[in-house]
Amino acid sequence: MSNLKMKEAALIYLDRSGGLQKFIDDCKYYNDSKQSYAVYRFNVLINPSDIVELDAELGNHILHQPLKAAQVFQSVCYIAVKTLSLIGQLQTETQINIVLKLTHLPPLPSYCLDLCEFPRDYTSQRFYTMQGIVIAMTTVTKYTQGARFLCSDEACPLSKGFQYVRVHVPGATESATVRNDFLCNLCSSSLQEDRKFRVLGDKQIVEIITAKSLHAFQGYCNNQPFRFQSLTVFLRDESVNKMNIGNEYKVIGIPTCVKTSQTAVCVEANSITFCIPKVPSGISDNFRCLLSLTSSSCWKFTAILANIFASQIVPPGTYNLLKLCLLMSLVQTHNKELENCLDILIVTSDTLLIDRLLNFSINLVPRGIRHSVSTEIFPTLSRNKYGTGAVSIQAGSALLAKGGICFIGDLATHKKDKLEQLQSAVESRSITVYISGKKFGDDVDQQMTFPVQCSFWSFLDMDSPSRRNIQKTNMLIGQMDCSLIPANLVESFALLINCNESSSCHPLLPTVQHTLKKAIDPEGLLYLASKQFTTEDFEKLLAFAKNLNVEFSLEAERMIHGYYLASRRIRTDSIYGSKLSASALKYL
């Protein structure tokens, strides 16, 4: 009686939600094809809140025993097909494959799978929700949705019909659906697959990590050891190609245990939702007060920001030009338009201080990635560890920094081929990965192009052994010796900043005093500005500012137009003119 009541509730829900009409339309497609299938696959959209309100027992089955719940809907749909004569070719109930697609799960801790917690539950075979950033994905391959088997003994009644139909279930491997050692229940003869009835679907494997794991890529250290591990997500059919490397998603799925060379916890994805970053409601009271006090000028607030920024690393009033440029680049991280990224290349002889300043700055945005020399900047290829024949594409630092900053350290430490790759990515704002069919066991070569949606920060060490003969005088931009780096690569950076520490803009004594005091008291706040405007205040300010819709004022438009005309006159002067590249003009 309980089962009958649930079937009745399932039918009522399908009728009320519009699912029954969609099911009828899907049946019409199968019936019109005039082709017989081993299985007929149907997606049923489920809103758990509505189901629980209609019938608590059915709702409980969907949330905690989804495979049994699918059987309830399978039975209802089979009766509908036979009653309404929807699919003439359908013979048995087992040929109907129902996939329950959940809109959401209850917002309770017991339904969340935290990627930082161990051990993970993979035995209950129920739905969980998890959230993570895609760090790797495979190419799309095929899997068997369902197959028809027949008894090999022709005298056996089960050598005909659709009595033996195997259907893929969450967590099952390909060998669980199709292999050659199945036996007939009636006569114990071996079963043989009728291949012309095999139904194939698309499959893709992605790896995700929790956003908390990004601390490992930010040069972040609070003296607390932590570990993280990626979680493998299987995407099938309509979910394929719904996830992109570098994006963050919320996934509803069923955790399972897959045994390869080592046992791994995986998730069969049921539904995928793109995570939109939360926009902060405002800025701190101290910054609000400062903005009010400086409202008479359009320059004062920004100038003070640059002056006090990163006072934990350098004294206020030093490196103001560089800090202003870093703030500009950080604010640009919200832009979806690729051409609005602001790449920065710094020429300096104090790489330690610049490194600390840049590392501090990337920690102010959610996607600030410090590239490690042991990893790759751009995507790399490897064989998939699950033996599916697919190629796995690993993200690399640039794609992981999507919508943020990729700090790649000293430019001169990278090899020539990597620099060429970097130049191409900066100029085109995309990176293309070539997949050799011969190398990875495919019939044809493939290529995949990924947008590069981050700003690159780097520096050049003017005190490196190969540069010690360079003159240390105050040089204009364009006169700096960057001979170790291709000129085209240097030009591709939006901003080229010369940080000459011996100049009046960078007095040595305050920096030396700051360094000594920090060595004695690393956590101490040395300046009033550090106490009034904390790191958290700057994080909120940047998060708020980068989501503002900004338009040029008429004054700004006129100034830019005047600057453009002046630069054109300079460039066209054959005697006193200056060479200004098209890219430089565009950024200006």
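Here is what the cut-offs are and how they apply
- Residues numbered from 1 in each chain as written.
- Predicted model: local features only at pLDDT ≥ 70, side-chain atom pairs only at ≥ 80, totals over all residues.
- Heavy atoms only, no water.
- UniProt positions renumbered as here; feature names shortened; annotations may be inferred.
- Helix = DSSP H or I, 4+ residues; strand = E, 2+ residues; numbered from the N terminus.
- Contact = heavy atoms within 4.5 Å.
- pLDDT = per-residue confidence, 0-100.
- Phe/Tyr/Trp six-rings, centres within 6.5 Å; stacked < 30°, edge-to-face > 60°.
- Buried < 20%, exposed > 50% of the residue type's maximum accessible area, 1.4 Å probe, protein only.
- Lys NZ or Arg CZ within 6 Å of the ring centre and 35° of its normal.
- Core = buried A, V, L, I, M, F, W, Y, C linked by side-chain atoms within 4.5 Å.
- Pairing = 2+ DSSP bridges.
- Axes fitted to C-alpha atoms, helices over the stretch in contact; angles between N-to-C directions.
- Salt bridge = Lys/Arg side-chain N within 4 Å of Asp/Glu carboxyl O.
- Disulfide = S-S within 2.5 Å.

The chain goes by Minichromosome maintenance domain-containing protein 2 in an unreviewed UniProt entry, where it is assigned to Capra hircus. For the record of the chain, the UniProt heading Subcellular location (unreviewed entry) holds the text "Chromosome". Per UniProt, the chain carries the Sequence similarities (unreviewed entry) text "Belongs to the MCM family."

1. Topic: the side chain of Q423
Relative to the helices and strands, Q423 resides in helix α12 (residues 416-428). Look past the residues within four positions of Q423 in its chain and what remains in contact with it is N488, L489 and S492.

2. With respect to the confidence of the model for the chain
In this model, the chain carries an average pLDDT of 86, and 87% of its residues clear a pLDDT of 70 or more. Ignoring residues within four places in sequence, the model shows residues 470-478, a span with pLDDT below 50, making 12 contacts including any to other chains.

3. Description of the packing of aromatic side chains
Evaluation of the coordinates by the stated rule reveals 16 aromatic pairs. Taking 5.5 Å as the distance between ring centres and 70° as the angle between the ring planes, the aromatic pair formed by Y30 and Y37 counts as edge-to-face. We note that Y30, like Y37, is buried. Through successive ring pairs, a cluster of aromatic residues spans F23, Y29, Y30, Y37, Y40 and F42. Its guanidinium or amino end placed over the ring of F162, R148 lies 4.3 Å from that ring's centre, counting from NZ or CZ. R236 extends its terminal NZ or CZ atom over the ring of Y143, reaching a point 4.5 Å from the ring centre.

4. A short note on the nonpolar core
In this structure, M130, I208, L411, L422 and F456 are the most contacted members of the largest nonpolar core, which totals 56 residues. Per-element accounting of this core gives the leading share, 7 residues, to strand β3 (residues 128-138). The contacts of M130, once residues within four sequence positions are left out, are L113, L115, I208, L231, Y249, K250, V251, G253 and V267. By size, the runner-up hydrophobic cluster in this structure holds 44 residues, among which are A69, A80, L100 and F127.

5. Some remarks on the sheet that holds strand β11 (residues 344-348)
Strand pairing within a sheet occurs via backbone hydrogen bonds; the two strands may be parallel or antiparallel. Judged by pairing direction, the sheet is parallel, and its 5 strands sit side by side in the order β12-β15-β18-β11-β19 without closing on themselves. A strand with exactly one partner marks an edge of an open sheet, and here the two such strands are β12 (368-370) and β19 (495-499). Neighbour to neighbour, the strand axes of the sheet diverge by 20° on average, direction disregarded. Each of β11, β15 (404-410), β18 (454-461) and β19 touches helix α9 (residues 320-331); the most contacted strand, β19, lies at about 155° to it. Together, β11, β12, β15, β18 and β19 form the strand contacts of helix α10 (residues 351-362), whose direction differs from that of β18 by roughly 170°.

6. What to know about the pattern of salt bridges
Inspection of every chain in the model, using the stated rule, returns 16 salt bridges. When the shortest N-O distance is used, the salt bridge between E268 and R236 registers 2.9 Å. Within this pair, whereas E268 is found in strand β10 (residues 263-274), its partner R236 is found in strand β8 (residues 231-236), the two being separated by 32 residues in sequence. The exposure classification of E268 matches that of R236, with both residues buried. Taken together, the salt bridges that share partners define one network made up of R41, K101, D237 and E238.

7. Comments concerning the environment of A216
Positionally, A216 belongs in the loop between β7 (199-209) and β8. Along the backbone, A216 and R370 are 154 residues apart, and their C-alpha atoms lie at a distance of 8.9 Å.

8. Here we look at the state of the cysteines
One pass over the structure, following the stated rule, counts 0 disulfides. Not engaged in a disulfide, the cysteine C499 finds its nearest cysteine sulfur in C325; these two sulfurs lie 8.9 Å apart.

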